[in-house]
Amino acid sequence: MDKNQTAPTGPRTSQRILALDILRGITIAGMILVNNPGSWGHIYAPLRHAEWNGLTPTDLVFPFFMFIMGISTYISLRKYDFTFSRAAALKIVRRTVVIFLIGMAIGWFSRFCYYWSSPTEGIGFGAQLWEAVWTFDHIRILGVMQRLALCYCAAALIALTVRHRYIPWLIACLLVGYFLLLMGGNGFVYGEANVLSVVDRAILTPAHMYKDNGIDPEGILSTIPAIAHVLLGFCVGRMMLRRREGEVEQSRDEVLRSHLIKLFLVGTVLTFAGLLLSYGCPLNKKVWSPTFVLTTCGLASSLLALLIWVIDVRGWRRWSLFFESFGVNPLFMYVLGGVLGILFGCIRLPWDGGSISIHGLMYDVCLRPWLGDTGGSLAYALVFVCINWCIGYQLYKRKIYIKI
C-alpha cells in the first residue's frame, strides 16, 4: 500500500455509480434554472437566495455541485495512485487555468453584449467595436467558475501531497480558523465593515467585484471554507470507494448498500452538526460560513444516498435521463446556459415596429400574459432549462463528452 493506503481497484469499484451523474445533473439544471428567471423582480421564494443569514433550496445547488466535485476528484486521481508527479500537477494546473479563464470570458462576453446592445449605456450599435470590446476595467475577476477552478486546484494538490488520514484535520483547521477570522473581523456584518469586503476591495477593487453591499459571494477569503467544502466531498468519496487491504470482495448490491449506510451516517452527522452550531455561527452562503459547509455537505451526502437507493439499488432510472444529460457534461452545460442566457437577452428581433430581445419575446409576449408575472417568470426558467437540455441530450445520445 502507498503512503495514503490507496485501495486497489477491482470489481468493487469498477462499475459507475449512476447516482453521482444524476446528482451532478440535478445541480447543474438547478443552477441554470435559478440563474435565468423571466424577471428578477418576480421569483418564487424557494428560488431566491437568502438575503443574508439563512438557507433556501436555491442556496443548495452550488454547494452540492462542489461536494460532488470533491468525490469526482477522488475518482479522477486514483489513476495517479494519489502520488504527486509532474504529469498530474500539469493536468491539474492546466484544468484550473482553463476553467478560470472560461469564467472570466463569460463575464467579459456578458459585458460586451450588454454594452454593445444597450443604448442606455451610451454605446449602441453605432459605436466603435473597440469601445464594446474593451470592458476589462470592469470585469468581475472571481465568480462561480473561478471558485470551482481554485477549489479544485487546491483540493487536488492537497490530495496528492498530504496523507489522506490527515485531511479531516486540515478541514477542521480551515473551518475553525475561518470562523475565528469571521468573529474577529465583523464577518457576519452585511456591509463594507465585513473583513471579507475589506480584503476584496483592497485586492480586487470594487470595479472587479460583485455588487452586493460590498460583499462578493465568491470572494478571496470565502474561498478558504470552499476548499474545505471540496475536501469534505473528497473524504466522502474516499470513504465510499476505498477498499482496504485484506477486505473481501463483495457483490455490487452489497457495495451499494454499504455506500448507503455510510452516506446516510455522514449526512446525518454533518447536517445536525451544522444546524446545531448555527446558533453561534449562522448559516450564510455569501460568506460561505463553516456551518453552511457542514449543513450543505450533510444534505448532499443524504441526497446522494437516496439517489443511490432509488437509481442504483432499486433500478428506477427512467425519470433520471433528463438529469443524466446534464450530469455527463456538467461544466459545458453550465457554460452553455450562461452563454445562451446572455444571447437571449441581447439578440433583438423585429417586433411591432421596433425590436424585442428573445428573452422579452418569450417572457413578456408569450408567457407573462398567460401565466402572470411570477408564474411566467418560472415558466421561462423551465423552458430555458429544456432548451439547454435539448442540446445536452444530443451530446449524450451521441456519447460526446466535452471535458473542461
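Here's a quick rundown of the structure. (Residues numbered from 1 in each chain as written. Predicted model: local features only at pLDDT ≥ 70, side-chain atom pairs only at ≥ 80, totals over all residues. Heavy atoms only, no water.)

So, on to empty space enclosed by the protein. Inspection of the entire model under this criterion finds 1 cavity of 30 Å³ or more. Considering only enclosed or pocket space, the largest cavity measures out at about 80 Å³ in volume. If you trace the largest cavity, you find it lined by Leu33, Val34, Pro37, His42, Ile43, Tyr44, Leu47, Thr374, Ser377, Leu378 and Ala381. Elements with a contribution of two residues or more to the lining of the largest cavity: helix H2 (18-35) and helix H14 (358-397). Take the lining of the largest cavity: its biggest share by element is 4 residues, from H14. (1 Å grid on protein atoms, 1.4 Å probe; cavity = no way out; pocket = protein on both sides within 12 Å on 5 of 7 lines; lining within 4 Å. Points joined across faces, edges and corners; volume = space filled by probe spheres on them. Helix = DSSP H or I, 4+ residues; strand = E, 2+ residues; numbered from the N terminus.)

Turning to the packing of helix H3 (residues 58-77) against helix H6 (residues 144-161), a few remarks are in order. Relative orientation of the contacting elements H3 and H6 amounts to 35 degrees, with a least axis distance of 10 Å. The hand of the H3/H6 crossing is right-handed. Residues Phe62, Phe65, Met66, Met69, Thr73 and Leu77 of H3 pack against Val144, Arg147, Leu148, Cys151, Tyr152, Ala156, Ala159 and Leu160 of H6. Among the residues forming the contact of H3 with H6, the class breakdown is 12 nonpolar, 1 polar and 1 charged. (Axes fitted to C-alpha atoms, helices over the stretch in contact; angles between N-to-C directions. Left-handed = near helix turned anticlockwise from the far one by under 90°. Contact = heavy atoms within 4.5 Å. Nonpolar A, V, L, I, M, F, W, Y, C, P; charged D, E, K, R; others polar.)

Despite not being glycine, aspartate 81 has its phi angle at roughly 60 degrees, a positive value. Within the secondary structure, aspartate 81 sits in the loop between H3 and helix H4 (86-117). We classify aspartate 81 as partly exposed; its relative accessible area is 39%. Not every positive phi belongs to a glycine, and threonine 205 is a case in point at roughly 75 degrees. Here threonine 205 lies in the loop between helix H8 (195-203) and helix H9 (223-241). (Buried < 20%, exposed > 50% of the residue type's maximum accessible area, 1.4 Å probe, protein only.)

Turning next to the side chain of threonine 295. Along the polypeptide, threonine 295 turns up in helix H11 (residues 290-313). Not counting residues within four places of it along the chain, the set of residues in contact with threonine 295 comprises Leu55, Leu270, Thr271, Gly274, Leu275 and Leu283.

Turning our attention to the pairing of strand S2 (residues 354-357). For strand S1 (residues 348-351) and S2, the ladder comprises 4 bridges, and the chain directions are antiparallel. Counted as the bridge partner of tryptophan 351 is glycine 354 from S2. Hairpin connection from S1 to S2: 2 residues lie between these consecutive antiparallel strands, with aspartate 352 at a positive phi of about 55 degrees. (Pairing = 2+ DSSP bridges.)

Using the criterion set out here, one finds 16 aromatic pairs in the structure. Where tryptophan 52 meets tyrosine 190, the ring centres are 4.4 Å apart and the plane angle is 20 degrees; that geometry is what we call stacked. Taken together, the residues tryptophan 52 in the loop between H2 and H3 and tyrosine 190 in the loop between helix H7 (167-184) and H8 connect sequence positions 138 residues apart. For tryptophan 52, a relative accessible area of 11% translates into the label buried. (Phe/Tyr/Trp six-rings, centres within 6.5 Å; stacked < 30°, edge-to-face > 60°.)

The nonpolar side chains of a soluble globular protein tend to be buried, and buried together. The biggest cluster of nonpolar side chains holds 99 residues, and the ones touching the most others in it are Leu148, Leu304 and Ile308. Setting aside residues up to four positions removed in sequence, leucine 148 forms contacts with Phe62, Phe65, Met66, Met69 and Leu331. Judged by nonpolar contacts, the second largest core, of 10 residues, contains Leu182, Phe188, Val195 and Val287. (Core = buried A, V, L, I, M, F, W, Y, C linked by side-chain atoms within 4.5 Å.)

Viewed as axis vectors pointing N to C, H7 and H9 meet at an angle of 155 degrees, and their least axial separation amounts to 9 Å. Between H7 and H9, the crossing angle belongs to the class labelled roughly antiparallel. Here H7 and H9 pass one another in a crossing that is left-handed. Contacts between H7 and H9 pair Ile167, Pro168, Leu170, Ile171, Leu174, Leu175 and Tyr178 from the former with Ile224, Pro225, Ile227, Ala228, Leu231, Leu232, Phe234 and Cys235 from the latter. Partitioned by chemical class, the residues of the contact of H7 with H9 number 15 nonpolar, no polar and no charged. (Parallel < 35°, antiparallel > 145°, perpendicular 65-115°, else oblique.)

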